[in-house]
Amino acid sequence: MARVKLVNIVKRYGRIIAVDHVNLDVRDGEFFALLGPSGCGKTTTLRIIAGLEAPDEGEIYIDDKLVNDVHPKDRDVAMVFQNYALYPHMTVFDNIAFPLRARRKQLGLTEEDIRKIVVSTAEFLGIAEHLHKYPSQLSGGQQQRVALARALVRKPKVWLLDEPLSNLDAKLRVAMRTELKKIQMKLGITTIYVTHDQVEAMSMADRIAVMNAGRVLQIGSPNELYYKPSDTFVATFIGSPPMNLIPCTLVEKTPIEYTVPAELSGGILGSGKVRTPYMLECPGFALPVESSMAGKIRESGAGEVYLGIRPEHITMSLKKPGELAVLEGVVEVVENLGSELIATIRVGNELVKTRVVGDERVTPGSSVFLALDARRILVFDKKTGKLII
Ligand code: ATP
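Residues numbered from 1 in each chain as written. Predicted model: local features only at pLDDT ≥ 70, side-chain atom pairs only at ≥ 80, totals over all residues. Heavy atoms only, no water.

Re the packing of helix H2 (residues 92–102) against helix H5 (residues 140–153)
Link 1 in the chain: Relative to each other, H2 and H5 sit at 30 degrees, their axes nearing to 7 Å. In terms of orientation, H2 and H5 fall into the roughly parallel class. Considering how the two elements wind past one another, H2 and H5 form a crossing that is right-handed. Every residue of H5 that contacts H2 at Val92, Asn95, Ile96, Pro99 and Leu100 is listed here: Val146, Ala149, Arg150 and Val153.
Link 2 in the chain: Partitioning the contact of H2 with H5 into residue classes produces seven nonpolar, one polar and one charged. (Axes fitted to C-alpha atoms, helices over the stretch in contact; angles between N-to-C directions. Helix = DSSP H or I, 4+ residues; strand = E, 2+ residues; numbered from the N terminus. Parallel < 35°, antiparallel > 145°, perpendicular 65-115°, else oblique. Left-handed = near helix turned anticlockwise from the far one by under 90°. Contact = heavy atoms within 4.5 Å. Nonpolar A, V, L, I, M, F, W, Y, C, P; charged D, E, K, R; others polar.)

Right under this line is the structure:
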């Protein structure tokens, strides 16, 4: 087990800055995901940790030891590549056994020990019946599993996994997420996992670094990223459907008074009896904003904001449910996902998505009311995208 630390890592390819001053501190035994869209620098970051690329700037530490000049094979890391990288002239058995045989003396293993480890790993990954075959006789998904097994048999200090499940079919992929997580937890091996699939990262990782254009935008637990995204990129990259972002403007008007019910207290509306001159004017609706909350928006200098709310924090109903934070709209599209419906509702000029659980009948064209859970409303600076509240 090991801690992995990157300090101000920069990697350029000509004019492209693939990795732009990246700092990471991956804890001992942690399952850490690098998440971001294609081309954001995830793979390059992973290859730099493995020693397959040299950074132009910055330091790499494994267990507090500077490893910039340490050869990949001496870093005690195992990497699973997106493109398998299996030895074509070896059987599946020999491919999986390779790292064990290479360190047989060091590990104190007999050939029988190796056979047992290879067979049990292959069984676990559902490839036991292919052990005698060559990689070219396997499907892409099966080859990927062999690559995974090859990295799993050895117990390296760090596992570096680059989209290891991307070639598996959807069902197996979901099953493998659970399996991978179980193995990692059991062995407690520090794992750095590259993916562009937010569900994969959210379901497996202890912490996630969200990357875009070579930079790390936010590092946090799945919950932190989901409920407190640091900016609009993270807010919309994480979650499906993504967070609703509604453009609004903070304005000062004649003060109004209202009483906030307990279930909406503590957010943008404030708590108890409130008197405020501030309103967020949004397309098709307006929301009062308690003075200290409005103060934060004004402090940031951002009058133009995005109101952010997750689809599940909006309750849709056919009858008006209350007075505060209730919008009116018309259903445009309904997607039935089985366990829930995703309804897209037009509110003013904006489209808002909400989840509808249960058997509520919603059809396109229906006029509906949307109650926002005011405690869950986030506010982002429209210009910089940064979270304000
Ligand atoms: P993907 O999910 O598509 O693999 P990624 O987030 O892993 O993407 P990288 O592969 O790290 O992204 O690439 C980051 C940027 O660096 C991209 O713009 C890519 O085109 C560029 N890049 C990566 N490797 C090289 C290379 N060897 N030569 C030139 N440019 C490269």
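Concerning the sheet that holds strand E15 (residues 314–317)
Link 1 in the chain: Overall, antiparallel pairing links the five strands, which are arranged E15-E19-E16-E17-E18 in an open sheet. Whereas interior strands pair on both sides, the edge strands pair on one side only; in this sheet they are E15 and strand E18 (350–357). Direction aside, neighbouring strands of the sheet carry axes that sit 45 degrees apart on average. (Pairing = 2+ DSSP bridges.)

Regarding unusual backbone geometry
Link 1 in the chain: Residue Pro241 follows Ser240 across a cis peptide bond; omega there is -5 degrees.
Link 2 in the chain: For Pro241, the position within the fold is in the loop between helix H9 (232–237) and strand E11 (244–260).
Link 3 in the chain: Look at Asp64: it is not a glycine, yet its phi comes out positive at around 65 degrees.
Link 4 in the chain: Inspection of the secondary structure assignment puts Asp64 in the loop between strand E4 (57–62) and strand E5 (65–66).
Link 5 in the chain: Look at Asp64 and you get exposed, because its relative accessible area is 58%. (Buried < 20%, exposed > 50% of the residue type's maximum accessible area, 1.4 Å probe, protein only.)

Examining the domain arrangement of the chain
Link 1 in the chain: Looking at the assigned domains, one finds that the chain contains domain 1 (4–237) and domain 2 (244–381).
Link 2 in the chain: Using only C-alpha atoms to locate each centre, domain 1 and domain 2 end up separated by 40 Å.
Link 3 in the chain: Each side of the interface is counted separately: domain 1 has nine residues, and domain 2 has nine residues.
Link 4 in the chain: Interface of domain 1 and domain 2: buried area, both sides summed, is about 730 Å²; carbon and sulfur atoms make up 61% of it.
Link 5 in the chain: Among the residues of domain 1 in contact with domain 2, Tyr226, Tyr227 and Thr232 are the three that bury the most area, contributing 64% of the side total.
Link 6 in the chain: Here domain 1 is connected to domain 2 by zero salt bridges. (Domains from an automatic or database assignment. Buried area = accessible area lost by both parts, 1.4 Å probe. Salt bridge = Lys/Arg side-chain N within 4 Å of Asp/Glu carboxyl O.)

Describing the site of the ligand
Link 1 in the chain: Around the ligand, the neighbouring residues are Tyr13, Ile16, Ala18, Pro37, Ser38, Gly39, Cys40, Gly41, Lys42, Thr43, Thr44 and Glu163.
Link 2 in the chain: Between an oxygen atom of the ligand and a main-chain N or O atom of Cys40, the distance comes to 3.0 Å.
Link 3 in the chain: Lys42 is positioned with one of its side-chain polar atoms (N or O) 2.9 Å from an oxygen atom of the ligand.
Link 4 in the chain: About the coverage of the ligand: the protein hides 61% of its 640 Å² of free accessible area.
Link 5 in the chain: In terms of residue count, the dominant contributor to the shell around the ligand is helix H1 (residues 42–50) (three residues).
Link 6 in the chain: Considering only residue class, the shell around the ligand consists of five nonpolar, five polar and two charged. (Near = heavy atom within 4 Å. Polar contact = N/O pair within 3.5 Å; in protein donor to acceptor, adjacent residues only side chain to side chain. Areas by Shrake-Rupley, 256 points an atom, 1.4 Å probe, with all protein chains shown as cover.)

Concerning H1
Link 1 in the chain: Of all nine residues that make up H1, seven are buried, and the element is covered over most of its length.
Link 2 in the chain: Taken as a whole, H1 has its buried residues at Lys42, Thr44, Thr45, Leu46, Ile48, Ile49 and Ala50.
Link 3 in the chain: Just downstream of H1, Gly51 is the residue with a positive phi angle, here 95 degrees.

Overview of the packing of H2 against helix H4 (residues 111–124)
Link 1 in the chain: Where H2 contacts H4, the axes come no closer than 10 Å and their chain directions differ by 130 degrees. In terms of orientation, H2 lies oblique with respect to H4. Regarding H2 and H4, the two cross each other, and that crossing is right-handed. Counting all contacts with H2, which are made through Phe93, Ile96, Ala97, Leu100 and Arg101, the residues of H4 involved are Glu111, Ile114, Arg115, Ile117, Val118, Val119 and Ala122.

Here's the deal with the state of the cysteines
Link 1 in the chain: Per the stated rule, a full pass over the model turns up one disulfide.
Link 2 in the chain: Across the disulfide from Cys248 sits Cys282; the S-S distance is 2.2 Å. Across the S-S bond of Cys248 and Cys282 the torsion is about 110 degrees, and the bridge reads as right-handed. With a gap of 34 residues between them, Cys248 in strand E11 and Cys282 in strand E12 (residues 272–282) connect regions that are remote in the sequence.
Link 3 in the chain: Its relative accessible area of 9% is what places Cys282 among the buried residues. (Disulfide = S-S within 2.5 Å.)

Quick look at the nonpolar core
Link 1 in the chain: One finds Ile96, Val118, Leu148 and Ile208 to be the most contacted residues of the largest nonpolar core, which totals 46 residues.
Link 2 in the chain: No other element matches H5, which puts seven residues into this core.
Link 3 in the chain: Formed by 43 residues, the second largest nonpolar core is a distinct cluster that contains Leu269, Leu280, Leu287 and Ile314. (Core = buried A, V, L, I, M, F, W, Y, C linked by side-chain atoms within 4.5 Å.)

A look at helix H10 (residues 291–299)
Link 1 in the chain: Listing the buried residues of H10 in full gives Met293, Ala294 and Ile297. The buried residues of H10 occupy an angular sector of 100 degrees when projected down its axis, which confines them to one face.
Link 2 in the chain: Contacts from the buried residues of H10 go to E11, E12, strand E14 (304–309) and strand E20 (378–381). (Arc of directions from axis to C-beta.)

What about the pattern of salt bridges?
Pairing is possible between side chains that carry opposite charge, provided their charged atoms lie close to one another.
Link 1 in the chain: All chains considered together, the criterion is met by 27 salt bridges.
Link 2 in the chain: In this structure, the salt-bridge partner of Asp64 is Arg3, at a minimum N-O distance of 3.4 Å. Pair noted here: Asp64 is in the loop between E4 and E5 and Arg3 is in the segment before strand E1 (4–13), with a separation of 61 residues, a long-range link.
Link 3 in the chain: A residue is classified by how much of its surface remains accessible, and Arg3, at 29% relative accessible area, is partly exposed.
Link 4 in the chain: Salt-bridge contacts for Arg115 lead to Glu112; the nearest nitrogen and oxygen are separated by 3.1 Å. Note that Arg115 and Glu112 are positioned in helix H4 at a spacing of three residues, about one turn of the helix.

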